[in-house]
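The residues making up each chain are set out below.
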Amino acid sequence: MSERRKPYPFDQFEPKWQRIWDERQLFHAPNPGEQNFNPARPKFYVLDMFPYPSGAGLHVGHPEGYTATDIIARYKRMRGFSVLHPMGWDAFGLPAEQYAIKTGQHPAATTRENVARFKSQLRGIGFSYDWQREINTTDPEYYKWTQWIFLQIYDSWFNPETQRAEPIATYRGADPDSVRLAYVADVPVNWCPELGTVLANEEVVDGKSEVGGFPVVRRPMRQWMLRITAYAERLIDELDRLDWPESIKLLQRNWIGKSEGAEIEFKIAAGERRSTGIRVFTTRPDTLYGATYLVLAPEHPLVEEIAAKERRTSVREYREQAARKSELERTELAKEKTGVFTGAFAINPASGEKIPIWIADYVLLGYGTGAIMGVPAHDERDLEFARKYGLRIAEVVQPLNGEPATGFVGEGRAVNSAVIEGLPTAEAKKKITAWLAERGLGRGAIKYKLRDWLFSRQRYWGEPFPIIWENGKHRAVTDHELPVTAPDLNDFKPTGTGEPPLAKARDWIRYSETAARETNTMPQWAGSCWYYLRFCDPRNAQRFVGEEAERYWMGRAGPPGAPTAGSDGLPGGVDLYVGGTEHAVLHLLYARFWHKVLFDLGYLSTPEPFQRLVNQGIILGEDGQKMSKSRGNVVNPDEVIDAYGADAFRCYEMFMGPLEQMKPWSMRGVEGVSRFLARVWRLFMDETQAAAWELSPRIQEIAPEKAQGKVVHATIKKVTEDIESLSFNTAISQMMVFVNAFTNAAVVPVSAMRTLLLLLNPFAPHITSELWEKMGAKFPILPPEITSHPWPKYNEALLVEDEVELIVQVNGKLRDKFRASLEATEEELKSAALALPKIQQLVAGKEIRKVIIVRKKLVNIVLAS
RNA sequence: GCCGAUGUGGCGAAAUGGCAGACGCAACGGACUUAAAAUCCGUUCUCGCUAACGCGGGGUAUGGGUUCGAAUCCCAUCAUCGGCACCA
């Protein structure tokens, strides 16, 4: 045997138990109405962010969150919950398509192989997923419903009166296409020539593609958009009742970026071409008197109209130059502001002053009204711009602490501002806004940074749009034509012109004599926007999720009769959702948006998808660096499991430190945890002469000693509480303490050992199942499967000591300790402490000013100084 | 630049107003062994005093504050990580 001897025979029993769980389908959770459904059990929905099955297989980062949720799932089952714990595949996406371009292998084939690999790896770790609920976003039976949901969005509009999505039929306006939640627009998009596709803003980092790091340029193209901005207010407001990390909520709030201010109309000065005027947005209407110029975004539609003849050329040049700039150049060149004067003037509605109108690319068309009033005295950007181009600077806010007014952007007192003279900023804002509104010159307004969601991609490996074009107009395919499957291609290359690869499939595009199919596909986010709903009812052929199943699994957790979703202010949904922070804004915002649309349309019972969210921290390589192929510090879970077993792998992942923290991998650490499990094994099993294992005769049906009983119950308490708070690392520490306490005992009680196995089972399900079975052969117990045994309860009475050790401090410094009865009065404790020889020495000859007594903890004697 | 998180032994960490360093790793010493591995037992924040049992001082990024008492609460500074970055 060249192979290192295993400290315990995990290689024999781990596959055995994985097979048994599979055969007996122990982790299948029946839906309401199905066989074995027990309505008395409260439900618990614990979900992982499902992976993209890449060619590289699992890395050790995936199983971190997965192990945490698996522990919760197994624990909740033992606590009598009906647990929904599913897994699936987010399998559309760019890597499979790029691999196809390189090798000609169909993405479907690559995906199939990768899924098989991922699945066998996940099984090898012993996760208790309900595999009957496995889903795959690339399965036509799945994306049929992704397309169906898209059509619900397409067929809806957001009614501002009710603040809800409604069927488009309820819209009374002339042009329903202008208000649909899914609409077509010619928008400047992030075109990546290298990838041959358009990217969402979120997929562009520093002017380069997030995938591959290729340059990205702006270019106008016809695209499908989803009107997520309609939900901006609700997406902010309804964060409040979610149990999410505050930092993630903040990230979402900042991403949505709500600003309150006012829109103000500036008339174009006489003598120029007539126009209605220019509308600007500002959060500081109180600085209106300080507005000494206006700036329009270069792409602003009014620019053509107002530009003075003699300025046309320079204006046109500047606009072309701005349009040519890629995002990258714009950010890189952002160091210095540029702009040109249009030759036109506007009238400041408050001061009546005639002020010049400029264009500059520091003003963005996509935000606010695409135009600003320049208030150089009280805005850093405007100040920089005004100084560069010699524009007038007018101070209109007086700082309260005597700072110089120019460049002051905080709140102060209005000056040189007739209507609001002397008012503090907050009041000045209100008054000037009202003053403008009375005169029809402005109004209070709220703007968001959030943009509508660019929803189309020029790719092959994604959901085709269920849309037909005829005579230049789009319409939905009928429901019974779903799913719209993509044609088989042997060439997946982008056309390079911006036309999607699907454009190559001439027959497929042709829908009728006069109608053609949409050739764009949906982005990868689409499938993950609603997968948690499909898990509730994955084989339903009639509906994207059955109503009863949705109500049951997405409702509030708790026994029958407990508050229903929304009734106590908590939105309900998935009870625990664990995944990485990288999805803090995108996936989580998109999913919330789709969920709300479906909720508004009456398809769902809860307003939010995920009640509680937890982010696991990143696992670094042994060198403390981010794991990456190029650094060569990637840890492969298969190798770890080979050497130490799945249980050791799981326990180590949890023992490393707090779940949410970033932490480095350590093989030595795995070894330590493996040693712990080996000690558990040897607590039960003795090795025979023939190198076989047999149940140790030390294990007997006896009552635990008092000290042992205390450890047992302290451990039940700590492990239970720690699992509830996801403090898995300290739960394992406590079980180590437990095992250390029994390691050298001559005899060990069966009851204590059963408790240990139950507590350890969610963490190390294989070894505990095996030992439970081995022990059951000699000391039978029902049920025979540990996984269906109830969770142990602790007896508080056994934890209470009748005597406690108290510490004695003098002036807050630890000086001595003594034992005292729990019943001792404060007076008794005080005199006992003062009677200690050491304390007497320290106190001798000094005045005792005060004695502080904390029950069961300490006596602190404070001396006069 | 703005926002957020984190900072504790040689290392992963624990303690969230009351004994700093539980538990694990590593290191060192011992037992078992012909030997090694494995296993079991012990030591390990730091400085000073003591022949020794011990005793005392200091210590949770840095500086200040609140408190009888601070790793924990407050203020400032520094460092690391993450997000946003002309959003008017």
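Presented here is a report on the structure given in the accompanying data block. Note that the structure is predicted; figures quoted are calculated from it, not measured. (Residues numbered from 1 in each chain as written. Chains lettered and ligands numbered in written order. Predicted model: local features only at pLDDT ≥ 70, side-chain atom pairs only at ≥ 80, totals over all residues. Heavy atoms only, no water.)

**Re the overall build of chain A**
- Per the secondary structure count, chain A includes 27 helices and 36 strands.
- Considering only C-alpha atoms, chain A reaches an extent of 105 × 90 × 55 Å along its principal axes.
- Here chain A holds 865 residues, and the buried ones make up 55% of them.
- Contacts in chain A between residues at least 24 apart in sequence constitute 70% of all its contacts with a sequence separation of at least 6.
- Per element, the accessible surface of chain A, about 38,300 Å² overall, is 51% carbon and sulfur.
- Charge-centre separation for chain A: the mean point of 108 positive side chains lies 2 Å from the mean point of 111 negative side chains. (Helix = DSSP H or I, 4+ residues; strand = E, 2+ residues; numbered from the N terminus. Buried < 20%, exposed > 50% of the residue type's maximum accessible area, 1.4 Å probe, protein only. Contact = heavy atoms within 4.5 Å. Areas by Shrake-Rupley, 256 points an atom, 1.4 Å probe, with all protein chains shown as cover. Lys, Arg positive; Asp, Glu negative; His and termini not counted. Charge placed at Lys NZ, Arg CZ, Asp CG, Glu CD.)

**Brief notes about the packing of helix H20 (residues 667-684) against helix H23 (residues 750-760)**
- Where H20 contacts H23, the axes come no closer than 11 Å and their chain directions differ by 150 degrees. Our classification of the angle between H20 and H23 gives roughly antiparallel. For the pair H20 and H23, the crossing hand works out as left-handed. When H20 is examined against H23, the residues Phe 676, Leu 677, Val 680, Leu 683 and Phe 684 are found in contact with a partner set consisting of Met 753, Leu 756, Leu 757 and Leu 760.
- Partitioning the contact of H20 with H23 into residue classes produces nine nonpolar, no polar and no charged. (Axes fitted to C-alpha atoms, helices over the stretch in contact; angles between N-to-C directions. Parallel < 35°, antiparallel > 145°, perpendicular 65-115°, else oblique. Left-handed = near helix turned anticlockwise from the far one by under 90°. Nonpolar A, V, L, I, M, F, W, Y, C, P; charged D, E, K, R; others polar.)

**Some remarks on the side chain of Ser 769**
- Following the sequence through the fold, Ser 769 ends up in helix H24 (residues 765-778).
- A relative accessible area of 3% means that Ser 769 is categorised as buried.
- If we ignore the near neighbours within four places in the chain, the residues touching Ser 769 are Trp 17, Trp 21, Asn 761 and Ile 786.

**A word on the packing of aromatic side chains**
- Overall, the coordinates contain 59 aromatic pairs when judged by the stated rule.
- Residues Tyr 8 and Phe 10 carry aromatic rings whose centres are separated by 5.5 Å and whose planes lie at 65 degrees to one another, so their mutual orientation is edge-to-face. We note that Tyr 8, like Phe 10, is buried.
- Geometrically, the ring pair formed by Trp 148 and Phe 544 is stacked, given 5.2 Å between the ring centres and 25 degrees between the ring planes. Residue Trp 148 is found in helix H5 (residues 140-154), and its partner Phe 544 is found in the loop between helix H15 (531-534) and helix H16 (547-554); the two are separated by 396 residues along the sequence. Summarising the burial analysis for this pair, Trp 148 and Phe 544 share the class buried.
- One Lys or Arg, Lys 447, reaches over the ring of Phe 281 and ends 5.9 Å from the middle of that ring.
- A cation over a ring is seen here: Arg 517 above Trp 508, with NZ or CZ 5.4 Å from the ring centre. (Phe/Tyr/Trp six-rings, centres within 6.5 Å; stacked < 30°, edge-to-face > 60°. Lys NZ or Arg CZ within 6 Å of the ring centre and 35° of its normal.)

**Overview of the environment of Leu 726**
- One can find Leu 726 in the loop between helix H21 (706-724) and helix H22 (728-742).
- Of the residues examined, Leu 726 reaches a relative accessible area of 9% and is grouped as buried.
- Remark: the alpha-carbon pair of Leu 726 and Asn 136, spanning 590 residues in sequence, is separated by 29 Å.
- Dropping the residues within four chain positions of it, Leu 726 is found in contact with Ile 72, Leu 576, Arg 612, Val 614 and Leu 659.

**Structural notes on H23**
- Burial analysis of H23 places ten of its eleven residues in the buried class, the great majority of the element.
- Inspection of H23 places Val 750, Ala 752, Met 753, Arg 754, Thr 755, Leu 756, Leu 757, Leu 758, Leu 759 and Leu 760 among the buried residues, and these make up the whole buried set.

**Some thoughts on unusual backbone geometry**
- Cis geometry is found at the peptide bond from Leu 482 to Pro 483, where omega equals -5 degrees.
- Tracing the backbone through its elements, the reader meets Pro 483 in the loop between strand E23 (473-476) and helix H13 (506-509).
- With omega at -10 degrees, the peptide bond leading from Leu 782 into Pro 783 counts as cis.
- Structurally, Pro 783 can be placed in the loop between H24 and helix H25 (796-799).
- Residues other than glycine seldom take positive phi values, yet Asn 36 does so here, at roughly 70 degrees.
- With respect to the helices, strands and loops of the structure, Asn 36 is situated in the loop between helix H1 (10-24) and strand E1 (43-48).
- The backbone of Asn 471 sits at a positive phi, close to 50 degrees, despite the residue not being glycine.
- By the secondary structure assignment, Asn 471 is in the loop between strand E22 (467-470) and E23.

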